[in-house]
There are 2 protein chains.
Amino acid sequence: MQDCGDVPGARLATALEALGAPEGVAIARVECLSACSQGCAVALSAPGRWSYVYGRMTEADAPDILAGAARYAAAPDGLVPWRDRPAIFRKQSLARIPPIGEPT
Amino acid sequence: MQDCGDVPGARLATALEALGAPEGVAIARVECLSACSQGCAVALSAPGRWSYVYGRMTEADAPDILAGAARYAAAPDGLVPWRDRPAIFRKQSLARIPPIGEPT
């Protein structure tokens, strides 16, 4: 997740950590995600899966972020059916990147 | 690179392929990069490196895209000094994602 030292990013990180990572998910504070015009950003990535970046997140979104991360972790290829994604993931995608070495 | 079947994306892909990939770079047409409001998008990724997504690209940017990709390929960690990045990469970043397993 993004943590440029700004208050909203730190708040979101703290909210996520307070709720705790679901099974198969690790929460990591990271450097700037270079999506500066899009508020707080979070990224989901795992080996062999599509990576996703979502923006305009707030600490109020922490439960939905973790629910969406759990579904991502549970999907073998990281491709969660559209209807099963939280609304914030459906509507606030910034970008996704295919698995390295497996462009389709 | 993005190829949703739209004409601009296909044009960009063709322009990149016509110029040819620089050393250490492979050009791959991929499914939608989920950055639909940002025109044509391209992604750079490699194992153990930060991944980057750039938007609002046109076929006229093909030479700069390939020059930037070559610098990315030549940087051991994928972190190209800011001044060495093409202007389109400096100004049109949509997001970046840290190396999997190595959040910093």
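This text follows the structure it describes.
Asks: Give a detailed account of the overall build of chain A, specifying residues and quantitative values.
Replies: Of the regular secondary structure elements, chain A holds three helices and three strands. Ordered by position from the N terminus, the helices and strands of chain A form the series α-β-β-α-α-β. Dimensions of chain A, computed from C-alpha atoms along their principal axes, come out at roughly 40 × 25 × 20 Å. Long-range pairs, those at least 24 residues apart, make up 64% of the contacts in chain A between residues at least 6 apart in sequence. Surface summary for chain A: the accessible area is close to 5,000 Å², and the carbon and sulfur share equals 54%. Mean positive and mean negative side-chain charge positions of chain A (10 and 11 charges, respectively) differ by 8 Å.

Asks: Kindly report on the relation of the copies chain A and chain B, identifying the contributing residues and their values.
Replies: When chain A is fitted to chain B, the residual RMSD is 0.0 Å, and the transformation amounts to a turn of 180° plus an axial shift of 0.0 Å. A rotation of that kind, with that shift, is consistent with a two-fold axis. Comparing contact sets, 100% of the residues at the interface of chain A also lie at the interface in chain B, consistent with an isologous, same-surface contact.

Asks: Outline the interface of chain A and chain B, supporting the account with residue identities and numerical values.
Replies: Each partner contributes to the interface: chain A provides 25 residues, whereas chain B provides 25 residues. Overall, the association of chain A and chain B removes approximately 2,100 Å² of surface from exposure, summing both partners, and the carbon and sulfur fraction of that is 63%. Summed over the three residues of chain A that lose the most area to chain B, namely A:Arg96, A:Ile97 and A:Ile100, the buried surface amounts to 27% of that side. Summed over the shared surface of chain A and chain B, the number is zero salt bridges. Taken together, chain A and chain B are joined by eight residue pairs in polar contact (both at pLDDT 80 or more). Of all the secondary-structure elements, those providing two or more residues to the side of chain A that touches chain B are strand E2 (51-57) and strand E3 (93-97) of chain A. Element by element, the count of residues in the side of chain A that touches chain B is highest for E3(A), at five residues. For the side of chain A that touches chain B, the residue count by class is 17 nonpolar, five polar and three charged.

Asks: Tell me about the packing of aromatic side chains, and name the residues and values.
Replies: All names here are of chain A. Across all of its chains, the model carries six aromatic pairs over all chains by this definition. Between Tyr-52 and Tyr-72, the aromatic rings sit 6.1 Å apart at their centres with planes inclined by 85°, giving edge-to-face as the arrangement. Taken together, the residues span a long stretch of sequence, with Tyr-52 in strand E2 and Tyr-72 in helix H2 (residues 62-74) at a distance of 20 residues. For the pair Tyr-52 and Tyr-72, a shared accessibility class is recorded, and that class is buried. With a centroid separation of 3.9 Å and an interplanar angle of 5°, the aromatic rings of Tyr-54 and Phe-89 are classed as stacked. Here Tyr-54, found in strand E2, pairs with Phe-89, found in helix H3 (residues 87-91); they are 35 residues apart in sequence, far enough to count as distant. For the pair Tyr-54 and Phe-89, a shared accessibility class is recorded, and that class is buried. Here a set of aromatic residues connected by ring pairs shows up, and it is made of Tyr-52, Tyr-54, Tyr-72 and Phe-89. Here the guanidinium or amino end of Arg-49 rests over the ring plane of Tyr-72, the centre of that ring lying 5.6 Å away.

Basis of the calculations
Counting restarts for each chain, with residues numbered from 1 along the sequence as it is written. Chains and ligands are labelled sequentially in the order written, the chains with letters from A and the ligands with numbers from 1. Thresholds applied to this predicted model are a pLDDT of at least 70 for local features of residues and 80 or more for the giving and counting of side-chain atom pairs; totals over whole chains, interfaces and linings are not thresholded and use all residues. Excluded from the side-chain calculation are hydrogens and water; included are all heavy atoms of the structure. Secondary structure elements are taken from DSSP: a helix is a run of H or I of four residues or more, a strand is a run of E of two residues or more, and numbering for both begins at the N terminus. Note on contacts: a residue pair qualifies if any of its non-hydrogen atoms lie within 4.5 Å across the two residues. Areas reported here follow the Shrake-Rupley algorithm with a probe of radius 1.4 Å; residue values treat only the protein chains shown as occluding. Asp and Glu are treated as the negative residues and Lys and Arg as the positive ones, with His and the ends of the chain left uncounted. Where a charge lies is defined by one atom per residue type, namely NZ (Lys), CZ (Arg), CG (Asp) and CD (Glu). Copy-to-copy superposition: least squares on the C-alpha atoms, limited to residues that have pLDDT of at least 70 in both copies. Throughout, buried area stands for the accessible area (probe radius 1.4 Å) lost by two parts on being put together, summed over both. Here a salt bridge means any side-chain nitrogen of Lys or Arg lying within 4 Å of a carboxyl oxygen belonging to Asp or Glu. Think of a polar contact as two N or O atoms within 3.5 Å of one another; within protein, one of them needs to be a possible hydrogen donor and the other a possible acceptor, and neighboring residues in sequence only count if both atoms come from side chains. Each residue is assigned to one class: nonpolar for Ala, Val, Leu, Ile, Met, Phe, Trp, Tyr, Cys and Pro, charged for Asp, Glu, Lys and Arg, and polar for all the others, Gly among them. The pairing test for Phe, Tyr and Trp rings, Trp by its six-membered ring, is centres within 6.5 Å, and the orientation test on the planes gives stacked under 30 degrees, edge-to-face over 60, and tilted for anything in between. Buried residues are those whose accessible area, probed at 1.4 Å on protein chains only, stays under 20% of the maximum for their type, while exposed residues exceed 50% and partly exposed ones sit between those limits. By definition, being over a ring means that NZ of Lys or CZ of Arg is both within 6 Å of the ring centre and within 35 degrees of the ring normal.

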